[in-house]
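Below are the chains, spelled out letter by letter.
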Amino acid sequence: MNRTALRSTVTVAALAALVAGAAPAGAGERADADTAYSATTSVGVHNAYEKDAFPYFADALDSGAGLLELDVWTNAFGPGWRVSHSNPLGNDNNCAGAASRAELRGGKRDQGLPGCLADMRAWHDAHPGHRPLLIKVELKDGFNDKRGRGPDELDTLLGETLGDALFRPGDLAAGHATLDEAVQARGWPARSALAGKFIVELIPGTVEENNPLDTLWTDREYATHLRDLAARGELGRAAAFPAVHGAAAGDPRERYRDPAIRPWFVLFDGDATGYAGDAIDTAWYDRRHYLLIMTDAHRVPPAIDGTRPTEEQARTRVGELAARHASFATADWYPLPSVLATVTPRG
């Protein structure tokens, strides 16, 4: 079967699983729609914007996955917010910049972040009540305030494009002083309450983290942004959630020197291999209703294929990481729609 035929089969199968609302065979117990979002484990696709994974970003949205990743560049050597894995100067992706359902496939790809967000909005309008979707954004080289690509501008772009399809930090806080206070008091809303919503996660990028001249990474910059907005009574403007990046024992937020920004982190993101052993108490995240994203799920010993394991291997791995309190297990398992659509109880 060629790649185009395979992907068409993947999309049709994923949609059938979603419409049926049933767990894939052998996937284990399926979480109820009224289960809290923070009490479930879903599956994510790494770099879902790449054409080798999905011909169009709409195919990624159709896949059934609970998390999709975008890589974004902001440097001064190219225009706007660019979406690409390894080209820092331009766009290389499957986003079509659709203005309607009819334009989700077949149009010119290689759009910037606004085009990917336009696809999300057009797809959302065509699929009201869709599963909650976490959109993981890796800012490869960080924010660039000097070029108008800072936290304020990102909030504006996300808000203007996604509108009421966006679940914001202010929605989660809902009168509480911080995000940490909110989730510890009542957890995240039920999955049914988040139906039809996108949740945007921000992590610092690989270039940013390896740049000795960059001393203000995405995570700290956006958490500071949230703190300052809340202090002015303007938290409702914020559109994304910063994540603590990298698996670490104890409370990883203690790495931030400013204790005032620590309560604005309720998402944590790191390699699954770091969470799979005994060095980190992953139940700590679950008890506090934090979201825990475990990446490269296939690398956990014994390693399995990162793209095309058997369905049994992938389902078993998701179950293992769910038992380790993962909120999301991510890999490049785009050929396995029944696995991508898995939603199982966490812990």
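Attention in this report is confined to the structure presented alongside it. (Residues numbered from 1 in each chain as written. Predicted model: local features only at pLDDT ≥ 70, side-chain atom pairs only at ≥ 80, totals over all residues. Heavy atoms only, no water.)

Some words on the pairing of strand β5 (residues 198–204)
Stated formally: Each residue gets one of three labels from its accessible area relative to the maximum for its type: buried under 20%, exposed over 50%, partly exposed in between, using a 1.4 Å probe on protein chains only. Helix numbering and strand numbering both begin at the N terminus, where a helix is a DSSP run of H or I of at least 4 residues and a strand a DSSP run of E of at least 2. Here, a strand pair is defined by DSSP locating no fewer than two bridges between the strands.
The buried fraction of β5 amounts to seven of the seven residues, a majority that puts the element mostly inside the structure. Burial along β5 is two-sided: the face carrying Phe198, Val200, Leu202 and Pro204 and the face carrying Ile199, Glu201 and Ile203 are both buried. Relative to β5, strand β4 (residues 133–139) is paired through seven bridges, and the arrangement is parallel. For Glu138, the partnering residue across the bridge sits in β5 and is Ile203.

Let's talk about the environment of Leu104
Turning to its location among the elements, Leu104 is positioned in the loop between β3 (82–83) and α3 (113–126). Considered as a pair, Leu104 and His127 are 23 residues apart in the sequence and their alpha carbons are 13 Å apart.

Quick notes on the side chain of Arg149
Convention followed: His is not counted, nor are the chain ends; Lys and Arg add positive charge and Asp and Glu add negative charge. Salt bridges are defined as contacts in which a side-chain nitrogen from Lys or Arg sits within 4 Å of a carboxyl oxygen from Asp or Glu. Polar contact is the term for a pair of N or O atoms within 3.5 Å; when the atoms are in protein, one must be able to donate a hydrogen and the other to accept it, and sequence-neighboring residues count only if both atoms are side-chain atoms. What makes two residues a contact is simply this: any of their non-hydrogen atoms within 4.5 Å.
Looking at where Arg149 falls in the secondary structure, it is placed in the loop between β4 and α4 (151–162). Of the side chains with opposite charge, Asp141 comes closest to the buried, unpaired Arg149, at an N-O distance of 7.5 Å. Among the polar contacts made by the side chain of Arg149, one reaches the main-chain carbonyl oxygen of Asn75 at a distance of 2.8 Å. Setting aside residues up to four positions removed in sequence, Arg149 forms contacts with Thr74, Asn75, Ala76, Gly78, Pro79, Gly80, Trp81, Arg82, Phe143 and Asn144.

Considerations on the packing of aromatic side chains
Note the following rule: Between rings of Phe, Tyr and Trp, where Trp is taken as its six-membered ring, a pair exists when centres lie within 6.5 Å; planes separated by under 30 degrees are stacked, by over 60 edge-to-face, and by other angles tilted. Definition used: whenever NZ (Lys) or CZ (Arg) falls within 6 Å of the ring centre and also within 35 degrees of the ring normal, the charge is taken to sit over that ring.
Considering all chains together, one arrives at 14 aromatic pairs under this definition. With a centroid separation of 6.1 Å and an interplanar angle of 40 degrees, the aromatic rings of Phe167 and Trp188 are classed as tilted. Of the two residues, Phe167 sits in the loop between α4 and α5 (169–173) while Trp188 sits in the loop between α6 (179–186) and β5, which places them 21 residues apart along the sequence. The class for Trp188 is buried, based on a relative accessible area of 3%. Connected via pairs of aromatic rings, a cluster forms that spans Tyr37, Phe167, Trp188, Phe241 and Phe328. The aromatic ring of Tyr56 is capped on one face by Arg109, whose charged end is 5.2 Å from the ring centroid.

Some remarks on the pattern of salt bridges
Applying the stated criterion across every chain yields a total of 21 salt bridges. Across the pair Asp110 and Lys51 runs a salt bridge, and its minimum N-O distance is 2.6 Å. In this pair, Asp110 is assigned in the loop between β3 and α3 and Lys51 in the loop between β1 (40–45) and α2 (57–62), connecting sequence segments 59 residues apart. Relative accessible area serves as the criterion here: at 23%, Lys51 is assigned to the partly exposed category. Here Arg253 and Asp180 are joined by a salt bridge, their closest N and O atoms 3.5 Å apart. Placement of Arg253 in the loop between β6 (241–245) and β7 (267–271) and of Asp180 in helix α6 is noted, with a sequence separation of 73 residues between them. With respect to burial, Arg253 and Asp180 carry one shared label: buried. Within this structure, Asp152, Arg232, Glu234 and Arg237 form a network of salt bridges that share partners.

What about the packing of α3 against α4?
Keep this limit in mind: Between N-to-C directions, angles span 0 to 180 degrees; the directions come from axes that are lines fitted to C-alpha atoms, helices contributing only their stretch in contact. Just so you know how the angles are binned, under 35 degrees is roughly parallel, over 145 roughly antiparallel, 65 to 115 roughly perpendicular, and the rest oblique. Note on convention: near helix rotated counterclockwise from far helix by under a right angle means a left-handed crossing. Clockwise means right-handed.
Packing of α3 against α4 brings their axes to within 9 Å, and their N-to-C directions diverge by 30 degrees. Judged on the interaxial angle alone, α4 and α3 are roughly parallel. Here α3 runs over α4; the crossing is right-handed. Residues Leu113, Pro114, Leu117, Ala118, Met120 and Arg121 of α3 lie in contact with α4, whose contacting residues are Leu154, Leu157, Leu158, Thr161 and Leu162.

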